[in-house]
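Observations on chain architecture
One letter stands for each residue in the lines below.
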Amino acid sequence: MISKRFLLKRLLLLVPVVLGVATFVFAILHLSPGNPARTIAGQRASEEFVRQIESDLGLNDPIYVQYGRFLWNAIQLDFGNSYVIRRGTPVTEVLRDRFPVTLELAIYGQLAGIVFGIPLGILSAVKQDSVTDHLTRIGALTGISVPIFWSGPLLILVFATMLDVLPTTGRISSDYSVDAVTGLITVDALLSGNVDAFLSAVQHMLLPSLVIGVYSMALISRMMRSSMLEVIRQDYMRTARAKGQGAKITVMKHGFRNALIPVVTIIGIQFGSLLGGAVLTETVFNITGIGVLLVEAISVGDYPVVQGTVLLFAFLFTLVNLGVDVTYSILDPRIEQ
Amino acid sequence: MSSETTSQRTDKDQYRRGFFERLRQSSFLSELLSNRLALLGLGIILLIVVVAVQARLFLDLEAIKATQLGTNPSMAGPCGERSVIAAIQSAGSCAHPMGTDLQGRDIFDRVRYGAWLALKYGTVTVAASTALGVGLGTIAAYYGGWIDNLIMRTMDVLLAFPSLLLALALVAIFGAGLWKAVIALTLVYTPRFARVVRGAALKVLEDEYIEATVSLGARDRRVILRHVLPNAIAPITVQSTLNYGLAIIDIAALSFLGFGASAGTPSWGLMLSNGVDQGLLSGHWWWSFFPGLLLALTVLGFNLLGDGMRDALDPRMREAVD
């Protein structure tokens, strides 16, 4: 069980971090080159019009007033309106439309990482120093080393261009139109009851989630291996074997459960990097999530969108890390001390 | 080392000897040298360094950046491609082993010069973040109290972002460019070093001999330089090596996304970006394949070495492995 004190302490520690993150995000707008009012008005707008927008945005107020307003609005999840990308639309709305796309990619990517990573790690540990072990370890290191923006195009080249068995980019074939209910295209396609649309969505999801999942797969299998190796040498494992239990059952029942604890941490921490990898994966596969949105927003100077996206990423990252800590303390109560 | 012999030496000698002695006595080096994968990594890195230095010395950057199309029509190589168009269409030939790009430039030359750029900007990034992190981490551990709190909470804020995201947010402030990307990534990596160093330093500071040194009248500087840092060198080196690969990938990623190298620069990230945009679906796979191959190989080299170093370092791992 998790103690309330631990949770409270952990949450209190978050306060300065959250405040720091908010301050940094506020600073993005004010430290960036260029006048936001000019960005909105366009290069040919009159000076007068730009002034008007400046005062509308409150850019002439003292900086602490602007800071206070930013924090107050942020608490109410109001990050202002988009300057350029979807001019005049609240940033929150833009993010709400785009976020599920990224979330879906990250979930499938992480699933791929877990499904392949954990068995590979166990295999590697149980058959330590065998050819399988070496291959898995080299494979894992290669997986970490190959950049998404190279492996992605390579897979597109092989499976889409040369073999023509998978679609190149996008989220679903243009033959199908699916109503956005959850924003997760595979789920929406399934809800629409159109099996072909669902299959198309899955096909489109295959390469991106594999590319983004390789990195998690590598880290998870590595952590699983070293954690398993450590557990295998524990006394209770010998006891279990000594009382006549089979090797496989011992590994799975006594070893796996205990070895999983550090792996849970790495899965959580990985989810954060996965969000970072989403930026590159979305760019390569032309998937319109918040990663591509951020790159677009930086390029055109749409700062409210930049602020909202960065804040959302930081919020998710922090939330996941908190979740990891809490899970860890449930799995291993000693950690609280 | 007995106390009699050391007391006769000068400070500097003593320090030097202490360091190399420690290195020789530790199983770190022998452990590392017996790790074949780590040696393979070292080999790859050395190869890339040779390629990079050779490219820097013998290739002319301006010529590499310049468009060859039209300006140099007599590009026919020994293998008989008569026109630039033919050269573009042949992925690999004797004159251009990696083919030429859309502008008729030799990809082999560009990729080799890219190695120099990757190592140059990667080295500056890693060196700067190591120096900053070591400084901040040591100060935080040594002085403790509000200084520690201020430094480490700031690091926490930076760690609250996925690394590439923070780099992008900083690029939004600084603007595009390779040096700006280096500054952004330096800030991104500094907290990792600060954490590692602070942890290592705290462990050292707990030891009784530090108390003895201080009570003998040693100044802060002496304690930090002679006792704290030498003991933290191993974890710092491992972290730097592992970060090297990451830095090279992230610099390339920023260029790939359009916030790094400027047009024409033979940076791997930019070559990949152009190659994917313009050549992937039209069948010019070599435009993006070779820059990516070199990038992946370089990063693999650093990861193999760094991984071997970590295994050699961590005694818990060593126990588990043998």
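Okay, so let's go over this structure. (Residues numbered from 1 in each chain as written. Chains lettered and ligands numbered in written order. Predicted model: local features only at pLDDT ≥ 70, side-chain atom pairs only at ≥ 80, totals over all residues. Heavy atoms only, no water.)

1. With respect to the packing of aromatic side chains
- Applying the stated criterion to the full structure yields 9 aromatic pairs over all chains.
- Chaining the aromatic ring pairs together yields one cluster made of Phe26(A), Tyr67(A) and Phe70(A). (Phe/Tyr/Trp six-rings, centres within 6.5 Å; stacked < 30°, edge-to-face > 60°.)

2. Topic: the layout of surface pockets
Residue and element names in this part refer to chain A.
- Looking at the second largest pocket, its volume works out to about 750 Å³.
- Along the wall of the second largest pocket there are 26 residues; nearest its centre are Ala74, Leu77, Phe79, Leu311 and Phe315.
- Elements that contribute at least two residues to the lining of the second largest pocket include exactly helix H1 (4–31), helix H4 (63–75), helix H5 (91–126) and helix H13 (303–331).
- The biggest single contributor to the lining of the second largest pocket is H13, with 9 residues.
- Taken together, the residues of the lining of the second largest pocket sort by class into 22 nonpolar, 3 polar and 1 charged. (1 Å grid on protein atoms, 1.4 Å probe; cavity = no way out; pocket = protein on both sides within 12 Å on 5 of 7 lines; lining within 4 Å. Points joined across faces, edges and corners; volume = space filled by probe spheres on them. Helix = DSSP H or I, 4+ residues; strand = E, 2+ residues; numbered from the N terminus. Nonpolar A, V, L, I, M, F, W, Y, C, P; charged D, E, K, R; others polar.)

3. Observations concerning the interface of chain A and chain B
- Tallying the contact residues gives 50 residues for chain A and 47 residues for chain B.
- A combined buried area of about 4100 Å² lies between chain A and chain B, and 78% of that area is made up of carbon and sulfur atoms.
- Three residues, Phe24(A), Phe149(A) and Trp150(A), lead the burial of chain A against chain B; their summed loss comes to 17% of the area buried on that side.
- Where chain A touches chain B, the interface holds 1 salt bridge. (Contact = heavy atoms within 4.5 Å. Buried area = accessible area lost by both parts, 1.4 Å probe. Salt bridge = Lys/Arg side-chain N within 4 Å of Asp/Glu carboxyl O.)

4. A short note on unusual backbone geometry
Residue and element names in this part refer to chain A.
- At aspartate 129, a position not held by glycine, the phi torsion is positive, near 70°.
- When its relative accessible area of 47% is taken as the criterion, aspartate 129 is described as partly exposed.
- Although it is not a glycine, asparagine 286 sits at a positive phi angle of roughly 55°.
- Locating asparagine 286 in the fold gives a position in the loop between helix H11 (247–285) and helix H12 (290–300).
- In this structure asparagine 286 comes out as exposed when scored by relative accessible area, which is 52%. (Buried < 20%, exposed > 50% of the residue type's maximum accessible area, 1.4 Å probe, protein only.)

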